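Chain by chain, the residues run as shown.
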Amino acid sequence: MTESPVKVTMKGDEAISVPAYFISKHEGFVGSIKTFIEDFVVTEIDMNGQKVKTAQALQTAGCASSEENQMNAELKENLYCSGLQDADVSSDWTVGSDTPLPALGSFDLDVILGPSVSEDLEQFVMTLREKRPSGPELSLGSFSDKHQRANVHRAVRHRFPFLLTVTIQPEIRVREDPDYRELARLVREEEAEDFFRFIDAKVRGSSYTFGPDDSKEHRTAVHHFLNRRFGKLVETKSFSSQGRTSISVRLREHGKPKKRTAEERKEEDVYTAFTLCKENLETLEAISYMAATLGVLPSDFTYAGIKDKRAVTYQSMVVKKVSSQRLKEKAAEFEKRGMRLSQIRSVNEPLKLGRLRGNHFDLVVRNLRPHGASDEPLSGADRDTRLAALVKEAVENVKRRGFVNYYGPQRFGSILSDRVGLALLKEDMVSAVRLFFSPEDSDDPHSLAKRHFLQTDNPKESLALMPLSKPRERLMLRALNRYGTGPDGCVQAWLSLPHNIRIFYPHAYCSRVWNDAAAHRLSTMGLGVRQGDLVWTQTGHNRTEDAGETTSTQIHVVTREEEEAGVYSLEQVLLPIPGNSVKYPENAMRAWYQERLAGDGLAECRFRVSSLKLNLPGCYRPLLAIPHNLSYQLQRAACSHGAKNQESGTESLTLSLNFDLDSSCYATICLREIMKCET
């Protein structure tokens, strides 16, 4: 007899995010999760299968710190110029493949300078841009710590490359850079800014290319300026491509912008690892604060994976250019902001995203009761006996059969992330920005600032209202204020965010499609492996998309003979996440994908957004996930927080669950399969 999945009707907002098809038919039960932050504890499992939580951390009841994202872009830039030429480029110089400029999201001047000084700096810049008379320079204040001074110099020069920063110890002053002004008369102002960012970044081996320029006389003037001003550092060449000529600049092989001291070279090569315990704090916010305090970039922090926000989480991190001693000195300061650091030690290299085995979860579900308990009142003993049977059946089913590997609501965030991603894939930048600023149904400052922007189209006023704890929104509003709210301005607003933040939104859309594809596959084709399904032909821990190691040679299309012989199990079935390099199932699911994408206006989508430097090759995700080392315990709520059953007034049962999941699998989705209700 052919098995079929079970559909359960869900209520609440999260039912919109995640389909409700299950693979087990047990009844489930009702309960409350995340009643307290410590009810949801996540501990990273490294590639050696070891939990990162330390004995020291285990002795502490709580900790604190972050969630969603961080910028996984590295500062790659450089300096160059000289070698005046206007001929074909030599074969050993690769042009047209510049190293990406550092993201503006790497710095938040409100955090580094404080809101008041940051506003003064914005006003100073505005007077320079409008050619109005202004003071010759502006004081940013005094900074006694040399690392803090270095961070101020880097942040201001990166945000406003046309400014010079000068230290008159301990004060830092800014004034207009005359070299920038001269270059801006020769090339577009945006190019001048990008070139000076490139010069400041000081990364060997990178290059910068100006836009096409068909006037040889004008190119000669640009060559002369760059040679005169930066000739000892860089060389320039003109090259032709598709009938147009451009100037490319690179760092001289024998030159350096500045000879680094032995101490500076030593600092550049320092990597310090640590375990971060965070609680109810976004990752981006935590890393931004640590970076500002330490005088480094947020992109100097690397990690293996992102953890939940509303949870106690333990994960490994590595920070570059900060010694273990200095990090230990700052640990107490971080703890005041809700971040506990432990296992601080020197290492030889950064962490890589996806380099983890998975995560261990310690969860508590409170106030347990059967579905429809209010309709069938039971005595305390009978209710407990019934609940114990329901829990045992549910846990055993999920331990044996797993659960549908849906993306959890966390993947989509509190804003309409998948709709933002769809608008970006359709290259409707204005709609994407307005969806990004969709407010929640509340009167908190964050929502009020978003609502003000949508109502007034005034980014400057909205920026003044936006809390400092919302760096993405603030970066977007600054760019909109600078470039305008039209299509071109909205492109610049998206470019102000780091690459891995930009690509989060198209990924959210593709994740939504995958969830719907999984529900459709189960509801129309059942729980058996069918002809034309895609299956994984290897075993191991690297098959999910986060590992990035799935190739087309590892994907097999099930034949009719294999279906009839039952060669493969449902656990081996994969569904593609849409992109430009994936194959689709060779059965009815192929047509479903085509119809779904066409219905969303993406029939001809190449899954590239060139203006935002986004490319989505796609990947494969297992239809099912299996929890490992799953165990549970039922106990009276009196053991913790003394919760009582709402109907009878008696102490309710509490369920403790402990299990491991592979990376990119969601504990809340596992709980949904166990409980058969929203979590």
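It should be emphasised that the depicted structure is a prediction, and the values quoted were computed from it without experimental measurement. (Residues numbered from 1 in each chain as written. Predicted model: local features only at pLDDT ≥ 70, side-chain atom pairs only at ≥ 80, totals over all residues. Heavy atoms only, no water.)

A.B. asks: Please explain the overall build of the protein chain as it appears in this structure.
C.D. replies: When helices and strands are tallied, the protein chain shows 23 helices and 25 strands. Out of the 679 residues in the protein chain, the part that is buried amounts to 53%. (Helix = DSSP H or I, 4+ residues; strand = E, 2+ residues; numbered from the N terminus. Buried < 20%, exposed > 50% of the residue type's maximum accessible area, 1.4 Å probe, protein only.)

A.B. asks: What's the story with unusual backbone geometry in this structure? I'm lost.
C.D. replies: Most peptide bonds take the trans configuration, and most residues that are not glycine carry a negative phi. Despite not being glycine, Lys34 shows a phi value in the positive range, around 55°. Relative to the elements of secondary structure, Lys34 occurs in the loop between β3 (30–33) and β4 (40–45). We note that Asn280 has phi near 55°; this positive angle belongs to a residue other than glycine.

A.B. asks: Got a minute to help me understand helix α10 (residues 283–294) in this structure?
C.D. replies: Because each turn of an α-helix spans 3.6 residues, side chains separated by three or four positions end up pointing in the same direction. Over its 12 residues, α10 runs 16 Å from end to end, which matches the ideal 16 Å to within 8%, given 1.5 Å per residue. Of all 12 residues that make up α10, 9 are buried, and the element is covered over most of its length. Those residues of α10 lying buried are Thr283, Leu284, Ala286, Ile287, Tyr289, Met290, Ala291, Thr293 and Leu294. (Expected span 1.5 Å × (residues − 1).)

A.B. asks: Whenever I open this one, the confidence of the model for the protein chain confuses me. Can you help?
C.D. replies: Where the model shows low pLDDT, its predicted coordinates should not be examined in detail. In this model, the protein chain carries a mean pLDDT of 81, and residues with pLDDT of at least 70 account for 80%. Note that residues 55–106 has pLDDT below 50 and, in this model, 205 contacts with residues that lie over four places away or in other chains. Long-range and interchain partners of residues 540–549, a stretch whose pLDDT sits below 50, account for 24 contacts in this model, where long-range means more than four residues apart. (pLDDT = per-residue confidence, 0-100. Contact = heavy atoms within 4.5 Å.)

A.B. asks: Would you mind going over the pairing of strand β25 (residues 653–662) with me for this structure?
C.D. replies: The side chains of a regular strand alternate, first on one face of the sheet and then on the other. Extensive coverage of β25 is indicated by the burial of 8 of its 10 residues. Two elements, strand β15 (residues 358–369) and β25, share 8 bridges in a ladder whose sense is antiparallel. Looking at the pairing, His360 lines up with Asp660 of β25. Two elements, strand β24 (residues 628–636) and β25, share 7 bridges in a ladder whose sense is antiparallel. Across the sheet, residue Arg636 finds its bridge partner in β25, namely Leu653. (Pairing = 2+ DSSP bridges.)

A.B. asks: I would appreciate a short explanation of the sheet that holds strand β5 (residues 138–142) in the present structure.
C.D. replies: Across a sheet, paired strands are connected by hydrogen bonds in the backbone, their directions being either parallel or antiparallel. Spatially, β5-β7-β6 is the arrangement adopted by the 3 strands of the open sheet, whose pairing is antiparallel. Lying at the two open borders of the sheet, with one neighbouring strand each, are β5 and β6 (163–168). Pairwise comparison of adjacent strand axes, ignoring direction, gives a mean angle of 25° for this sheet. Pairing of β5 with strand β7 (residues 171–176), which is carried by 4 bridges, proceeds in the antiparallel orientation. Looking at the pairing, Ser139 lines up with Arg173 of β7. Sitting on the sheet, helix α4 (residues 115–129) is in contact with β5, β6 and β7, with an inclination near 160° to β5. Running at roughly 165° to β6, helix α5 (residues 146–159) makes contact with β5, β6 and β7 of the sheet. (Axes fitted to C-alpha atoms, helices over the stretch in contact; angles between N-to-C directions.)

A.B. asks: Looking at this structure, how should I read the pattern of salt bridges?
C.D. replies: When their charged atoms lie close together, side chains carrying opposite charge are able to pair. Overall, the coordinates contain 28 salt bridges when judged by the stated rule. Here Glu137 and Arg173 are joined by a salt bridge, their closest N and O atoms 3.0 Å apart. Residue Glu137 is found in the loop between α4 and β5, and its partner Arg173 is found in strand β7; the two are separated by 36 residues along the sequence. A relative accessible area of 29% means that Glu137 is categorised as partly exposed. For Lys330, the salt bridge identified is with Glu333, shortest N-O distance 3.9 Å. Of this pair, Lys330 and Glu333 both sit in helix α11 (residues 324–336), 3 residues apart, which is roughly one turn of the helix. (Salt bridge = Lys/Arg side-chain N within 4 Å of Asp/Glu carboxyl O.)

A.B. asks: Please explain the sheet that holds strand β19 (residues 573–577) as it appears in this structure.
C.D. replies: Ordered by their spatial adjacency, 4 strands build an open sheet running β18-β17-β19-β22, and the pairing between neighbours is antiparallel. Every other strand in the sheet has two partners, leaving β18 (555–557) and β22 (619–622) as the edge strands with one partner each. The mean angle between the axes of side-by-side strands here comes to 50°, regardless of whether they run parallel or antiparallel. As defined by bridge partners, strand β17 (residues 534–536) adjoins β18 across 3 bridges and the pair is classed as antiparallel. Bridged to Trp536 within β18 is Ile555. Across the sheet, helix α20 (residues 504–525) is in contact with β19 and β22; its angle to β19 comes to roughly 145°.

A.B. asks: In this structure, what is going on with the packing of α20 against helix α22 (residues 588–599)? I would like to understand it.
C.D. replies: Helix-helix packing: each pair is described by the crossing angle between the helix axes and the interaxial distance. Running from amino to carboxyl end, α20 crosses α22 at an angle of 140°, the nearest separation of the two axes being 11 Å. The pairing of α20 with α22 is recorded here as oblique in orientation. Considering only the axes of α20 and α22, their crossing is right-handed. Side by side, α20 and α22 meet where Tyr509, Arg512, Val513, Trp514, Asp516, Ala517, His520, Arg521 and Met525 of the first sit next to Met589, Trp592, Tyr593, Arg596 and Leu597 of the second. Per-class residue counts for the contact of α20 with α22 are 9 nonpolar, 1 polar and 4 charged. (Parallel < 35°, antiparallel > 145°, perpendicular 65-115°, else oblique. Left-handed = near helix turned anticlockwise from the far one by under 90°. Nonpolar A, V, L, I, M, F, W, Y, C, P; charged D, E, K, R; others polar.)

A.B. asks: Honestly, the packing of α10 against α11 in this entry has me stumped. Any pointers?
C.D. replies: Where α10 contacts α11, the axes come no closer than 11 Å and their chain directions differ by 125°. When the interaxial angle is binned, α10 and α11 end up oblique. With respect to the hand of their crossing, α10 and α11 are arranged in right-handed fashion. Contact residues: Tyr289, Met290, Thr293 and Leu294 in α10; Arg326, Leu327, Lys330, Glu333 and Phe334 in α11. When its residues are assigned to classes, the contact of α10 with α11 shows 5 nonpolar, 1 polar and 3 charged.

A.B. asks: Would you explain the state of the cysteines in this entry?
C.D. replies: Among covalent bonds in proteins, the disulfide is the one between the sulfur atoms of two cysteines. The tally for this structure, following the rule as stated, stands at 0 disulfides. You can see Cys605 has no disulfide; the closest cysteine sulfur is in Cys510, sitting 8.0 Å from it. Left unpaired, Cys670 is separated from the closest cysteine sulfur, that of Cys665, by 9.4 Å. (Disulfide = S-S within 2.5 Å.)

A.B. asks: For this particular structure, what's the right way to read the packing of aromatic side chains?
C.D. replies: Overall, the coordinates contain 25 aromatic pairs when judged by the stated rule. Between the aromatic rings of Phe436 and Trp494, the centroid separation amounts to 5.6 Å while the plane-to-plane angle is 75°, which identifies the pairing as edge-to-face. Of this pair, Phe436 sits in helix α14 (residues 429–436) while Trp494 sits in helix α18 (residues 487–495); the two residues are 58 residues apart in sequence, bridging distant segments of the chain. No difference in accessibility class separates Phe436 from Trp494, as the two residues are buried. Through successive ring pairs, a cluster of aromatic residues spans Phe160, Phe162, Tyr180, Phe195, Phe196, Phe198, Tyr208, Phe210, Phe225 and Phe230. The side chain of Arg337 reaches across the aromatic face of Tyr289, ending 4.0 Å from its centre. When the ring centre of Tyr407 is taken as origin, the NZ or CZ atom of Arg621, which lies over that ring, is 3.8 Å away. (Phe/Tyr/Trp six-rings, centres within 6.5 Å; stacked < 30°, edge-to-face > 60°. Lys NZ or Arg CZ within 6 Å of the ring centre and 35° of its normal.)

A.B. asks: Before we go on, may I ask you to explain the side chain of Ser462 in this structure?
C.D. replies: Positionally, Ser462 belongs in helix α16 (residues 459–465). A distance of 2.8 Å separates a polar side-chain atom of Ser462 from the backbone oxygen of Asn458. Those residues in contact with Ser462 that lie beyond four places of it in its chain are Ala449, His452, Phe453, Thr456 and Leu477. (Polar contact = N/O pair within 3.5 Å; in protein donor to acceptor, adjacent residues only side chain to side chain.)

A.B. asks: Looking at this structure, how should I read helix α15 (residues 445–456)?
C.D. replies: The terminal C-alpha atoms of α15 lie 16 Å apart, and with 12 residues this matches the ideal 16 Å at 1.5 Å per residue to within 8%. Those residues of α15 that sit buried are His446, Ser447, Ala449, Lys450, His452 and Phe453. On its buried face, α15 sits against α14, α16 and α17 (471–483). The N-cap residue of α15 is Asp444: its side-chain oxygen and the backbone nitrogen of His446 are 3.1 Å apart. Positive backbone phi, approximately 60°, marks Asp457, located one or two places after α15.

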